[in-house]
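Here are the chains, one letter per residue:
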Amino acid sequence: MRFIAAIVFFVIAVVGVGLGIAQRTVWAPPDRVTAELALESAATVTVIDGSALNAYEGRQTIDIVGGVVAAPLPEPEPSETPALGETPAPTVDPNAPTETEAITAAYGRTSDVMAWVGDASHNLVTWDAENQVFVTETVSGTESVVPQPYGGDLWYGDYQGEGQLAFTVNVPDDVSVLIVSDGVLPAPQQLSVTWPLDATTPFSTVLILGGVAALVIGLLLLLWALLHMRRQRGPRRKSPKMPKVPKPSRYRPVISRPLGGRRPKGRRAASRIALVPALVLGGLLLTACTGGSASVLTSPGPVPTDAVDAPETAVTENQLKRIVLRVGQTLLQADTDFDAALAETRLAGPALALRTASYTIADDVDGFAIAPLIPSEEVQLTLPERLPAEGDTWPRRVFAIVQSPATVDDEGVETQAPPLALLLVQDDPRSNYKVHYAITVTLPEDAERPEVAPASLGAPLLPATTPLLAVTPEAVATGYADVLLRGEASESFPLFQAEGDTLVAQIGAAAKAERQAALPSTARLQFANGVGDAEIFSFVTNDGGALVMLYLTESETVTPTEPGAAVNAPPAVASLAGRTQSTSGIIATYGLQILFSVPAVGSDDPIVLLGYTQGLVGATEVD
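Residues numbered from 1 in each chain as written. Predicted model: local features only at pLDDT ≥ 70, side-chain atom pairs only at ≥ 80, totals over all residues. Heavy atoms only, no water.

Here the focus is helix α6 (residues 317–337). For α6, built from 21 residues, the straight-helix expectation of 30 Å at 1.5 Å per residue is met to within 8% by its first-to-last C-alpha distance of 31 Å. The set of residues buried in α6 consists of Q319, L320, I323, V324, V327, G328, T330, L331, A334 and D335. F338 lies just past α6 and shows a positive phi near 50°. (Helix = DSSP H or I, 4+ residues; strand = E, 2+ residues; numbered from the N terminus. Expected span 1.5 Å × (residues − 1). Buried < 20%, exposed > 50% of the residue type's maximum accessible area, 1.4 Å probe, protein only.)

So, in structure tokens, the structure goes:
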């Protein structure tokens, strides 16, 4: 019986292991599903809708195959007209070189993707759930050529390649993929989307481990049978015939004294021996069941949100990090080469005016420092504009605070540049964000700062004439300009917090009076302050107030007071004015980019200066 039981367990082992391996090989289910699409369209854009991308669960691997286009041939050399009857030279070289088609793909919110497409002719790819295939609709438009989308700030991510492009994303239903070639040629005509499938076989683990356990039990039974057989075969000798006595038991007891007590005899011992393999088998089976379920890993997916309650914002935090990085890299190159045209691709408004003037000065004056430097390493705060319900409105605005990492000099002294508040604006879907304000934050770190909404919610913007603030943003601009000019004599002086206002201390009425007193009697210095020609931006804070960014200008006019006298211009002013001396006088204009915290309507709190950036933006000779 022991041999028979061993054989039975060996058979169970072979069958179990065999079935387990078969489930993982020849009987294994597919681990992915692929849907392919071949187009025959001249449209320059293809859009894969989010519903098509989520036809199956899991990450989407998109494979795009472009065509082959002929490379431009060199201009043929002039030749003589062929004689009558002579075959002219071929105009197309059959062996002309070819090059692979460029491919660009980007993905973003479906509303943003369709806003970028605009009036361009495009292929819209959706999903037919009944037939499990892609469905393509070609939408005619007025545009046949589109710009290159790669590097655009509108996207969550973008990719570029030649001939073939493959990438993996994990997007929800409200995100679509945009595909173009070079914007002139038709969009790539072949593409496929692959999704992973749950190809796990938990029973195969149970079968394999069960087969191994059966093999172990079979080996133990075989060993037991062999030991028993050996014990039954002792030395046999012939002995003289004796009177018949009762036959002894066929099985002789074997007495041994194991450590810890006497060893049980007979069937009791056999039952305990058989109990050990049974426990081993049970433990292995339980282990197999537990391990099989724990080893299944599901690919991460988007966190479901309530589409009604979650508002759309201008950008996400990851988008802004990419945008700030690109802005910083572009301006670093522009600052190195004093390239105003390159800076204009990422700057506008007051920030561009200051940068353009700084490049002119730095090109003439050695050692002139271009400020402020816009860091790209760390984004400390992201406050995008909260979009209206339709979501496809422009321009879009984002407020951010960035800061460069601390630096250590040769003596081991660590220095930390102050944070920089940026206001970025995107004019339309196909434009990149540009920095309109770059304001150095001057408020001490231990000072109370206004709290703002998280980046996922964003904040609405208020118009410059809003009645929802204690003082309208327009009145803040005109009032502070008057405070800088007249000081405590200004009617607007009580509206602002004087303590900690470093700008008033630097260029306020007292500082202006000191500069006027320091001039010689042969010259006269006059000041004028006003509201600059730039949009005022006001982001709502959690307490009902607002972060207000505005632009002021301050002009300094130096004129001689005696006939024939001349005034000298400092190097920076002389660079912009085009002359170092003038007998009629020189006007220097400074731009002031200022950030305020304005309380809500009904509050008695003062307006607090959070930061400012001041710089020379122009200089001319008095007419």
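For any pair of aromatic rings, geometry is given as the distance between the ring centres together with the angle between the planes. Tallying each qualifying case throughout the model produces 14 aromatic pairs. Ring centres of Y107 and Y159 lie 6.4 Å apart, and the angle between their planes is 20°; this geometry places the pair in the stacked category. In this pair, Y107 is assigned in strand β6 (residues 102–109) and Y159 in strand β9 (residues 157–162), connecting sequence segments 52 residues apart. Take Y107: its relative accessible area is 15%, and that puts it in the buried class. Arranged with centres 4.3 Å apart and planes meeting at 15°, the rings of Y159 and F167 form a pair that is stacked. When its relative accessible area of 25% is taken as the criterion, Y159 is described as partly exposed. (Phe/Tyr/Trp six-rings, centres within 6.5 Å; stacked < 30°, edge-to-face > 60°.)

Taken together, M1, I4, V8 and I12 make up a surface patch of nonpolar side chains, about 440 Å² in accessible area. Note on placement: I12 falls in helix α1 (residues 2–24). For I12, a relative accessible area of 43% puts it in the partly exposed group. (Patch = residues over 30% accessible without salt bridge, like charges linked within 9 Å, V, L, I, M, F, W, Y side chains within 5 Å. Areas by Shrake-Rupley, 256 points an atom, 1.4 Å probe, with all protein chains shown as cover. Salt bridge = Lys/Arg side-chain N within 4 Å of Asp/Glu carboxyl O.)

If charged atoms from side chains of opposite charge come close, those side chains can pair. Within the structure shown, the criterion is met by 15 salt bridges. R355 serves as the salt-bridge partner of D335, at 2.8 Å between the closest nitrogen and oxygen. With D335 in helix α6 and R355 in helix α8 (residues 349–364), the pair connects residues that are 20 residues apart, well separated along the chain. For R355, a relative accessible area of 3% corresponds to the buried category. With a shortest N-O distance of 3.2 Å, E621 and R579 are connected by a salt bridge. Of this pair, E621 sits in strand β25 (residues 608–621) while R579 sits in the loop between α12 (571–577) and β23 (581–582), placing them 42 residues apart in sequence. The network of salt bridges with shared partners includes D153, D158, R322, R326 and R346.

Glycine aside, a negative phi is what most residues show, and trans is what most peptide bonds show. Cis rather than trans, the peptide bond between A371 and P372 has omega equal to 0°. Residue position: P372 is located in the loop between α8 and β13 (378–384). Cis geometry is found at the peptide bond from W394 to P395, where omega equals 5°. Checked against the element boundaries, P395 lands in the loop between β13 and β14 (396–403). Residues other than glycine seldom take positive phi values, yet F338 does so here, at roughly 50°. For F338, a relative accessible area of 33% puts it in the partly exposed group.

On their own, these measurements won't tell you what the molecule is for.
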